[in-house]
Amino acid sequence: MESKTYPIEGLIEFIPRVFKDDRGFFLETFSQKMFEPFGIDPVFVQDNQSVSKKGVLRGLHFQKPPFAQGKLVRVASGKAIDIAVDLRRGSATYGQYVSCLLDSERHNMFWVPPGFAHGFVTLEENTTFLYKCTDYYQQAAEGGILWNDPQIGIDWGISDPLVSAKDEVLPLLKDFDSPFSV
Ligand SMILES: Cc1cn([C@H]2C[C@H](O)[C@@H](COP(=O)(O)OP(=O)(O)O[C@H]3O[C@H](C)C(=O)[C@H](O)[C@H]3O)O2)c(=O)[nH]c1=O
């Protein structure tokens, strides 16, 4: 399992070994050992799956403390641009984002720790998005930031995505009092 870090501290991309043969392919999609080199030991308690048409944008979401979630995300089919926005007060990269292209060829995975807003846009039909979470869903703790906030300036790679009504009214970063800190 190769790994790659990003200019924003805490974000990690994992690239698994894919074993192909005349039957198809095999890969390990998760091992706790992946995180050992980084000195973190996330405990996942919930797995999620969503399937989206091409051009769907979900996000930017997070859960507020004490229900903040770390997420290990990947696509089992299709392709998506995954986005993590640093919302940690005191972080030198507060309000900055990283994008990670997730696809079902490399089967790469992206670790987004608590303290980030998370979202993705799908680039292919029926993109199956899978993610492991380090805390349970708590609807009352849900929060978010507007996907096209000009202060963040995310390049989503496509114009005019399909966004839920709920996501279209999320707040701007400038009006947001972050509950996270480094
Ligand atoms: C997230 C979640 C949702 N739900 C229910 C609540 C709604 O009735 C329905 C759809 O939820 P929502 O529209 O919030 O789904 P997404 O827009 O895909 O939300 C996710 O999208 C971004 C990318 C994320 O990172 C979060 O994990 C999550 O917020 O599933 C549950 O029952 N459990 C859950 O863990």
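Residues numbered from 1 in each chain as written. Predicted model: local features only at pLDDT ≥ 70, side-chain atom pairs only at ≥ 80, totals over all residues. Heavy atoms only, no water.

- Per an unreviewed UniProt entry, the protein goes by dTDP-4-dehydrorhamnose 3,5-epimerase and derives from Pontibacter qinzhouensis.
- Check the Pathway (unreviewed entry) section of the UniProt entry for the protein; it says "Carbohydrate biosynthesis; dTDP-L-rhamnose biosynthesis."
- Under the Catalytic activity (unreviewed entry) heading, UniProt states for the protein: "dTDP-4-dehydro-6-deoxy-alpha-D-glucose = dTDP-4-dehydro-beta-L-rhamnose". (UniProt positions renumbered as here; feature names shortened; annotations may be inferred.)

## A word on the pattern of salt bridges
- Under the criterion given, the structure shown has nine salt bridges.
- For the salt bridge of D47 with K132, the shortest nitrogen-to-oxygen distance reads 3.0 Å. One end of the pair, D47, is in strand β5 (residues 46-52); the other, K132, is in strand β13 (residues 127-133), with 85 residues separating them in the sequence.
- For D47, a relative accessible area of 54% corresponds to the exposed category.
- Residues participating in the shared-partner salt-bridge network are K4, E13, D103 and R106. (Salt bridge = Lys/Arg side-chain N within 4 Å of Asp/Glu carboxyl O. Helix = DSSP H or I, 4+ residues; strand = E, 2+ residues; numbered from the N terminus. Buried < 20%, exposed > 50% of the residue type's maximum accessible area, 1.4 Å probe, protein only.)

## Details of the site of the ligand
- Around the ligand lies a shell formed by Q46, N48, R58, H61, K71, H118, F120, Y131, Y137, E142 and K166.
- In the model, an oxygen atom of the ligand is placed 2.7 Å from a nitrogen or oxygen of the H118 side chain.
- In this structure, K166 approaches the ligand through a side-chain N or O atom, which is 2.8 Å from an oxygen atom.
- For the ligand, whose unbound accessible area comes to 650 Å², protein coverage reaches 65%.
- The cavity that encloses the ligand is the largest pocket.
- When residues of the shell around the ligand are traced back to their parent elements, those giving at least two are β5, β6 (56-63) and β12 (116-122).
- When grouped by side-chain class, the residues that make up the shell around the ligand number three nonpolar, four polar and four charged. (Near = heavy atom within 4 Å. Polar contact = N/O pair within 3.5 Å; in protein donor to acceptor, adjacent residues only side chain to side chain. Areas by Shrake-Rupley, 256 points an atom, 1.4 Å probe, with all protein chains shown as cover. 1 Å grid on protein atoms, 1.4 Å probe; cavity = no way out; pocket = protein on both sides within 12 Å on 5 of 7 lines; lining within 4 Å. Sits in = over half its atoms within 2 Å of the grid points. Nonpolar A, V, L, I, M, F, W, Y, C, P; charged D, E, K, R; others polar.)

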